[in-house]
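A structural walkthrough
Now for the letters of each chain:
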Amino acid sequence: MLDLKAHADVAVSSAFNLTGPLRHDTVVQLADAWSPEIRFHEAERFHPVDFEAMFAVPPAVMATLDEATRDTLRIQVGNARFEPPIIRTGSDTVPASALTTAVLADPTTGAEVQARLSSSSVYTHGGGFDRSTQLFGASTTVAGLVDPTPGDPRVPRHPIVVRAEMRFLFETLKHELQADRPNDALWGRFAVDASLFRLAVPGSAVPFTTSAKRDILRRLIAAIDAGDAAAQAAALADIPPPWQLNGRAWEALRNYVFVEYYFLYAFNDYLQVADSIFSNEHEGDNEGCCVVFDRRDLEELGAGTKTLDEIVAHTIITSVHEEFNDNDELKRLPLDRDRARDDLVVYVAVGSHATYLTAGSHDVLDFEDILTDFPGKIPGWAWLIPGAPIIVLLLLITAISEHFADAEDETSDNGASTGPEPEPGSDPGPLVFPSRRTVTPLSAITGPDADVNAYQAALASAPPTVSLADLTRRAFPGTWGGHDGLRDHSPKWENKTARYFRKFVHSGDIRTTVIT
């Protein structure tokens, strides 16, 4: 069960804070100032919404329909039919009437709903393309036509909402390593211990378990927090040779801050726009990008020795399908603030919603990378499984055939776009649509610098600046959609921090002077 009161108690006891010295209002200003321009393909049918819309839009649309149409959109569970959306956990079904903001925001009724939610819960508003289209899909173009063309894209049906979250990486690892780390989607995972250690002698068989790595990291963090150089040296000395701390990864962890922008889609309709064996569709889709900042700059911003106008973003990172595809993109931004701001543009692939840095066609799978990289990523014991080499060979053949079948993501400069607010008095044109950013409050929850933190919503003395309904939806540990097949598979919400970190360590321009 989801027990947000217990999670909030852990947040208080561990002084949960992911924004360092920055107060929430400063984080909001920074997230707004550096929110990327988002360009959609003209044929895009589903645009980003927030968690609240996933629960509020279906009932609102249903109320406008005639009874016959409404009945086609109801969800059959056993002998009962429910208005969308619902959350199912085994044989238990939470109806739409119990998922409203009023119910989830009330401490009593909200706790009752939380008790019915778990990692095996499934949110659904119907599970199929047709249902999702009727509830969330764009249907007409800017010119009022049915079929989109370059320069005449589909008009977003619902307000575009982007969720932003700041994470100081060092603090994020600290809270990841807590023994009592809550299991919810907001706290999430930042399991990067494997990236923080390397073998000085590649191929060595000297064991160094995950638990041992995490223990070393806990000791290092405690020593740094205490300013104890001797304890830091002792922790490093206990790393078993030829293992050693990965200096590049450690410097990235200590010196940088992520502002992650999440794009939540009601449906992934890649199957409607691509024709290949890897084309899929699924209800629910969590995509986005990450803007990297120098920690030193943000610490000076928090101290008041730098202004917001003096902060320049460092890097942008995108997420493209699965991390093992190795297609995530990274770009170092110019040092000049205006040029960096102008360069902050991301492109959303039609249907799949993968995020790129350029318009055009993009291979979904790079067969050359798969041939060279994929076999080396398979653990040695896996090759001992009967038939494993044949299976791997078939996968490689499939990947190569996929390449020659022209399975590609398509991005465009000729569709709808949204992003930073236009200059006052300017005319952004008919293809630019307004959007709203919701910034999850993750600042200090307790202590002398206590500010605004989402987990405060579950405390008895919750401030009016946080919402228990929003926390429940953001922390929901279940699956965002009813697809459960091998190819068509709805996602659980996963914070992309670790994924962005690995890409940054691999390809980023990382400052090498570690902050002490």
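Here, the structure is the one placed above.
Residues numbered from 1 in each chain as written. Predicted model: local features only at pLDDT ≥ 70, side-chain atom pairs only at ≥ 80, totals over all residues. Heavy atoms only, no water.

1. Here we look at the overall build of the chain
Within the chain, the regular secondary structure consists of 17 helices and 20 strands. For a compact globule of 516 residues, the expected C-alpha radius of gyration is about 24 Å, and the chain comes in at 24 Å, within 12% of that figure. The principal-axis extent of the C-alpha atoms belonging to the chain is close to 75 × 60 × 55 Å. Residues counted as buried form 53% of the 516 residues belonging to the chain. Taking contacts inside the chain between residues at least 6 apart in sequence as the whole, the part at least 24 apart equals 73%. Of the accessible surface of the chain, which amounts to about 22,100 Å², a share of 55% is contributed by carbon and sulfur atoms. (Helix = DSSP H or I, 4+ residues; strand = E, 2+ residues; numbered from the N terminus. Rg over C-alpha atoms; globule rule 2.2 N^0.38 Å. Buried < 20%, exposed > 50% of the residue type's maximum accessible area, 1.4 Å probe, protein only. Contact = heavy atoms within 4.5 Å. Areas by Shrake-Rupley, 256 points an atom, 1.4 Å probe, with all protein chains shown as cover.)

2. Structural notes on the environment of isoleucine 38
Along the chain, isoleucine 38 falls in strand β1 (residues 37-40). Under the relative-accessibility criterion, isoleucine 38 is labelled buried at 2%. A sequence separation of 317 residues divides isoleucine 38 from threonine 355, and the C-alpha atoms of the two residues are 9.2 Å apart. Here isoleucine 38 is in contact with Val162, Phe263, Val346, Val348, Ala416, Ser417 and Thr418, once residues within four sequence places are set aside.

3. Looking at the pattern of salt bridges
Two side chains of opposite charge can pair, provided their charged atoms sit close to one another. Applying the stated criterion to the full structure yields 33 salt bridges. For lysine 306, the salt bridge goes to aspartate 297, with nearest N and O atoms at 2.6 Å. What makes lysine 306 partly exposed here is its relative accessible area of 22%. When its relative accessible area of 15% is taken as the criterion, aspartate 297 is described as buried. Ionic contacts of the salt-bridge type, sharing partners, join the residues Glu67, Arg70, Asp71, Arg74, Arg81 and Glu83 into one network. (Salt bridge = Lys/Arg side-chain N within 4 Å of Asp/Glu carboxyl O.)

4. Comments concerning the nonpolar core
Core analysis: the largest hydrophobic core is formed by 51 residues, its most contacted members being Phe16, Met54, Ile87, Tyr455, Leu471 and Trp480. Contributions of two or more residues to this core are made by α1 (4-13), α3 (51-62), α7 (129-136), β10 (256-268) and α16 (468-475). Looking at this core, the element that brings in the most residues is α3, giving 7 residues. By size, the runner-up hydrophobic cluster in this structure holds 35 residues, among which are Leu30, Phe263, Cys289 and Phe293. (Core = buried A, V, L, I, M, F, W, Y, C linked by side-chain atoms within 4.5 Å.)

5. Examining the packing of helix α8 (residues 169-176) against helix α11 (residues 247-255)
Packing of α8 against α11 leaves a shortest axis separation of 6 Å and a crossing angle of 100°. Judged on the interaxial angle alone, α11 and α8 are roughly perpendicular. Packed against α8, whose contacting residues are Leu169, Phe170 and Leu173, the element α11 presents Trp250, Ala252, Leu253 and Arg254 at the interface. Of the residues assigned to the contact of α8 with α11, the class counts are 6 nonpolar, no polar and 1 charged. (Axes fitted to C-alpha atoms, helices over the stretch in contact; angles between N-to-C directions. Parallel < 35°, antiparallel > 145°, perpendicular 65-115°, else oblique. Nonpolar A, V, L, I, M, F, W, Y, C, P; charged D, E, K, R; others polar.)

6. Some details on the sheet that holds β10
A sheet is described by the order of its strands in space; here 6 strands give the open sequence β13-β12-β11-β10-β7-β19, paired in mixed fashion. Looking at the sheet topology across the chains shown, the edges are occupied by β13 (330-332) and β19 (435-439). For this sheet, the mean inter-axis angle between neighbouring strands, taken without regard to orientation, is 20°. Bridge count between β10 and strand β11 (residues 282-294): 12 bridges; the pairing is antiparallel. (Pairing = 2+ DSSP bridges.)

7. Side note on the sheet that holds strand β6 (residues 122-124)
Strand order in the open sheet formed by 4 strands is β5-β4-β6-β20, and the pairing between neighbours is mixed. Single-partner strands in this sheet number two, and they are β5 (92-94) and β20 (479-480). As paired elements, strand β4 (residues 86-89) and β6 share 3 bridges and run antiparallel to each other. In the strand pairing of β6, isoleucine 87 is matched with tyrosine 123.

8. Comments concerning the packing of α3 against α7
Closest axis-to-axis distance for the α3/α7 pair is 9 Å, and the angle between their directions is 85°. The pairing of α3 with α7 is recorded here as roughly perpendicular in orientation. On α7, the residues that touch Ala53, Met54, Val57, Pro58 and Val61 of α3 are Gln134, Leu135 and Phe136. Residue composition of the contact of α3 with α7, by class: 7 nonpolar, 1 polar and no charged.

9. Details of α1
Among the residues of α1, those classed as buried are Leu4, His7, Ala8, Val10 and Ala11. For α1, the angular spread of the buried residues around the axis is 155°, confining them to a single face. Where α1 is buried, its residues contact α6 (107-114) and α16. Backbone geometry just after α1 places alanine 15 at a positive phi near 50°. (Arc of directions from axis to C-beta.)

10. Some words on unusual backbone geometry
Omega for the peptide link from proline 84 to proline 85 comes to 0°, which places this bond in the cis form. Of note, proline 85 is situated in the loop between β3 (80-82) and β4. Cis geometry marks the peptide bond from proline 241 to proline 242; its omega dihedral reads 5°. Assignment of secondary structure puts proline 242 in the loop between α10 (229-237) and β9 (243-245).

11. Some thoughts on the environment of glutamine 456
Within the secondary structure layout, glutamine 456 lies in the loop between β19 and α16. According to the relative accessible area criterion, glutamine 456 is buried, its value standing at 8%. Along the backbone, glutamine 456 and threonine 318 are 138 residues apart, and their C-alpha atoms lie at a distance of 31 Å. Contact partners of glutamine 456, with chain neighbours within four places excluded, come to Ala444, Ile445, Asp451, Ala462, Pro463 and Val466.

12. Some remarks on the environment of proline 334
Inspection of the secondary structure assignment puts proline 334 in the loop between β13 and α13 (337-343). For the pair proline 334 and arginine 473, spaced 139 residues apart in sequence, the C-alpha to C-alpha distance is 37 Å. Excluding its chain neighbours within four sequence positions, the residues that come into contact with proline 334 are Val312, Ala313, Arg339, Ala340 and Asp343.

Nothing here speaks to function; it is all geometry.
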